[in-house]
Every structure is written in structure tokens, then in C-alpha cells.
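Here is what each chain is made of, one letter per residue.
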Amino acid sequence: MTHSDSNKEFSYEGKVYNGFLMLFVNLIVIPALAVSMFFIVPDLESPLLWIPVGVLTILFFICTAGFFIQQPNQARVMIFFGKYCGTCRLTGYFWVNPFMTLKKISLRIRNMDVAPIKVNDKVGNPVMIGMVLVWKVKDTYRAVFDIDSEPESSITVNSAGKIGFDSSSSRATATALENFVSIQSDAALREVTGLFAYDDEGSSTDQITLRGGSHEIVELLENKLNERLSMAGIEVIEARLNYLAYAPEIAAVMLRRQQASAIISAREKIVEGAVSMVKMALDQLKEENVVELDEERKATMVSNLLVVLCADEPAQPVLNTGSLYN
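Residues numbered from 1 in each chain as written. Predicted model: local features only at pLDDT ≥ 70, side-chain atom pairs only at ≥ 80, totals over all residues. Heavy atoms only, no water.

A. Looking closely at the sheet that holds strand 6 (residues 100–106). Taken together, three strands build an open sheet; the order of strands is 4-3-6 and the sheet is antiparallel. At either end of the open sheet lies a strand with only one pairing partner, and these are strand 4 (83–88) and strand 6. The mean inter-strand angle of the sheet, taken between neighbouring strand axes irrespective of direction, is 25°. In the sheet, strand 3 (residues 74–80) pairs with strand 6 via seven bridges, with the strands oriented antiparallel. Bridging from a neighbouring strand, Met78 pairs with Leu102 of strand 6. (Pairing = 2+ DSSP bridges. Helix = DSSP H or I, 4+ residues; strand = E, 2+ residues; numbered from the N terminus. Axes fitted to C-alpha atoms, helices over the stretch in contact; angles between N-to-C directions.)

As C-alpha cells, then:
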């Protein structure tokens, strides 16, 4: 059977028996072994009768090992003396050849909070940026064999004589995957952050920025992460920026720049509204023939109205009791 390099995982095609059936077999083997030991062991004159005792003993140890329980969204990578035999994704209680090494791996969705890191944006400003990553294992072959996850599993025998496998291998695999995802996420986040400025500089309003172009940046970040993590059989489901700010050493300066930009924008709106109000007042005075104003008086009125409308503080009126020209 040949398998493509893009997906090295394939389903386990060997024998997997129902665990409850093998328990029933154990209920037969154990009494048979007890009876044979009780009647045959005392008879030392018939050494050939020890053969069934030895067979039953071997059968007992084989039948008591090889049991495993598998929950939904879990898998077992089946290894027979170093050879990959497939991945079992069945759910339930099963028995398999006890000489088969079973490496458990979770296929469930996991999330990771990537702590904020200091990165220079496109224009060189240091920014603090962090993200939340949602991922899962897609190819169990790559996740187990392409990532170094020492120590390897080993067969153990407990005090009761039961054969088992060292579960530290599963924990080592999970830890290795998490470390790999963490390092590659950090690298992808640095790469994407360096392609964009934190905020627009006012020269171009259609420029994608870290603060404004969330959809485009998230899509690019997910693509970069999938490129880096696919080598480990990991699929990125979602990546979202959850922290974005200027670095502390320039935060105060950038805050003042943002405040200045906000003040300028607000002043532009105020002046625009004040000019329209002054124009409306002059037109209405002219249409209703309230007063005839020459150009100098119009200029004075416009100046006074702009001061009143644009000033931060309430204007103090000055009463002129004489002539405008004296």
C-alpha cells in the first residue's frame, strides 16, 4: 500500500477485538489455569503435564494485556516493533495485540494564548502584539514521528505482573506539539507584524494597518501559521489578535500624536460648521433686510462670530457705545 507524502497517515487495518469479548476469554482462562495448577503441579511424576500449564500461563499474560479505552476525538498510533501500522480512530473498549505499541494522541480542538511580544512594525515602531490560536492535530503520523518527543515509550510490568506501556510518551508528545506550536506562532506573528504599520500616518487612508485591517491581517496570519505548522500535521482553525499596543518606551509620545490628530480633526469639523453658520447668518440678514452691512462691517461680524463659535471658552462680549469708525 502506497501513501502520498502530503498525508502519511492511514487507518489501521489490523485486528482489533472487542474488549468485553476478551474479558470473557479471561474469565475462561483464569479458572482453567487455577484448576490446572491445583491438579497438575502436585503431580511431579508427569512433567509432560506441565505443558498445558505453561500454555495457559502464556495465554493468561497475553490476554490480560492489550486492552485500551478510546474516547471520541482520540486516536492511537499503532507501532509494531518500530513499524508504523496505521492509526486507530475507533471509539470504545478494545483489545489489540499486546506486542503492539500504542501512542495515544488527542484530536480535540485546543487553544493557546500567545503572550504579547515586542515587534517592530513596517515603519520601525516597536509594538506589543499578542494573539489567541485555535488548533488541532490533523495528521497523526507527522505529529508523532516528525516531531521529536522523547522519551520513547517502553513496555513495563507492574507489581501484579500486568504488562503495560509507559504513558509518559503521550505526555511527551503533547508537550512537544505545544512547544512547536508556541515557537512557530511566535515566528509567524513577528513575520506578519513586520509587513504592516501600526496605524496610518495620514498620507494614505486606504493603507492596511495593524489597528484597522483586522480581517486581512488575520487571514494572512492564518495562512502563515498553516504553512509553518503543516509539517507537524497540525491544522490552524482560527487565529485572532487579542492585544495590540505601542511599546512602553514610545507609548506616551504616540499617544500625544494621536491626541493631536484627534484635535486637528475635531477643529476641522468645528471650523467647517462655524463657516456654514456664519454664511447662513449673513444670507438671512440680507434676505430679511435686517441691517445693511458694508464689507468692513461684514468682516468684523464674521470675525466675531468665528471667535464665538470656535473658541474653547465662552466669549466675553464687549459693548461698543460709539460709532464703528470712531
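B. Quick look at the nonpolar core. One finds Ile105, Trp135, Leu177, Leu221 and Leu225 to be the most contacted residues of the largest nonpolar core, which totals 36 residues. Secondary-structure elements contributing two or more residues to this core are strand 3, strand 7 (110–120), strand 8 (126–137), helix 3 (140–146), helix 4 (168–193), helix 5 (214–229) and strand 11 (234–246). Among residues more than four places away in sequence, those in contact with Leu177 are Ile105, Arg110, Trp135, Val137, Ala143, Ile147, Ala232 and Ile234. Core analysis: the next-biggest nonpolar cluster, separate from the first, contains eight residues, Tyr12, Phe68, Cys88 and Val96 among them. (Core = buried A, V, L, I, M, F, W, Y, C linked by side-chain atoms within 4.5 Å. Buried < 20%, exposed > 50% of the residue type's maximum accessible area, 1.4 Å probe, protein only. Contact = heavy atoms within 4.5 Å.)

C. A look at the packing of aromatic side chains. Inspection of every chain in the model, using the stated rule, returns ten aromatic pairs. With a centroid separation of 5.1 Å and an interplanar angle of 70°, the aromatic rings of Phe20 and Tyr93 are classed as edge-to-face. A residue pair is termed long-range when its members are at least 10 positions apart, and Phe20 in helix 1 (residues 19–40) and Tyr93 in strand 5 (residues 92–95) qualify at 73 residues. Accessibility expressed as a relative area gives 57% for Phe20, which makes it exposed. According to the relative accessible area criterion, Tyr93 is partly exposed, its value standing at 21%. Plain terms: the ring middles of Tyr84 and Phe145 are 5.7 Å apart, the flat faces sit at 75° to each other, and that makes the pair edge-to-face. (Phe/Tyr/Trp six-rings, centres within 6.5 Å; stacked < 30°, edge-to-face > 60°.)

D. Up close: unusual backbone geometry. The backbone of Asn73 sits at a positive phi, close to 60°, despite the residue not being glycine. Summarising the element assignment, Asn73 is placed in the loop between strand 2 (67–70) and strand 3. Residue classification places Asn73 among the partly exposed residues on the basis of a relative accessible area of 49%. Despite not being glycine, Phe81 has its phi angle at roughly 50°, a positive value. Judged by relative accessible area, Phe81 falls into the exposed class, the value being 65%.

E. Seen up close, the pattern of salt bridges. Across all of its chains, the model carries seven salt bridges by this definition. A salt bridge links Asp139 to Arg142, with the shortest nitrogen-to-oxygen separation between them at 3.7 Å. Grouping residues by exposure puts Asp139 and Arg142 together as buried. A salt bridge links Arg228 to Glu191, with the shortest nitrogen-to-oxygen separation between them at 3.1 Å. Of this pair, Arg228 sits in helix 5 while Glu191 sits in helix 4, and the two are 37 residues apart along the sequence. Through salt bridges with shared partners, a single ionic network connects Asp139, Arg142 and Asp146. (Salt bridge = Lys/Arg side-chain N within 4 Å of Asp/Glu carboxyl O.)

F. Seen up close, the confidence of the model for the protein. On average, residues of the protein carry a pLDDT of 78, and 73% of them reach 70 or more. Scored below 50 in pLDDT, residues 153–167 makes 23 contacts in the model with residues more than four places away or belonging to other chains. (pLDDT = per-residue confidence, 0-100.)

G. View of the sheet that holds strand 1 (residues 17–18). Taken together, three strands build an open sheet; the order of strands is 1-5-2 and the sheet is antiparallel. For this open sheet the edge positions go to strand 1 and strand 2, each flanked by a neighbour on one side alone. In the sheet, strand 2 pairs with strand 5 via four bridges, with the strands oriented antiparallel. Counted as the bridge partner of Phe67 is Trp95 from strand 5.

H. Molecular detail of the side chain of Arg76. Positionally, Arg76 belongs in strand 3. A polar contact of 3.2 Å, which involves the side chain of Arg76, links it to the backbone oxygen of Ile69. (Polar contact = N/O pair within 3.5 Å; in protein donor to acceptor, adjacent residues only side chain to side chain.)

I. Local environment of helix 5. Taking 1.5 Å of rise per residue, the 16 residues of helix 5 would be expected to cover 22 Å, and the 22 Å separating its terminal C-alpha atoms lies within 8% of that figure. Every buried residue of helix 5 is listed here: Ile217, Val218, Leu221, Lys224, Leu225 and Leu229. End-on view of helix 5: buried residues confined to an arc of 130°, all on one side of the axis. Seen from the buried face of helix 5, the exposed residues on the opposite side, beyond 90 degrees, are His215 and Glu227. (Expected span 1.5 Å × (residues − 1). Arc of directions from axis to C-beta.)

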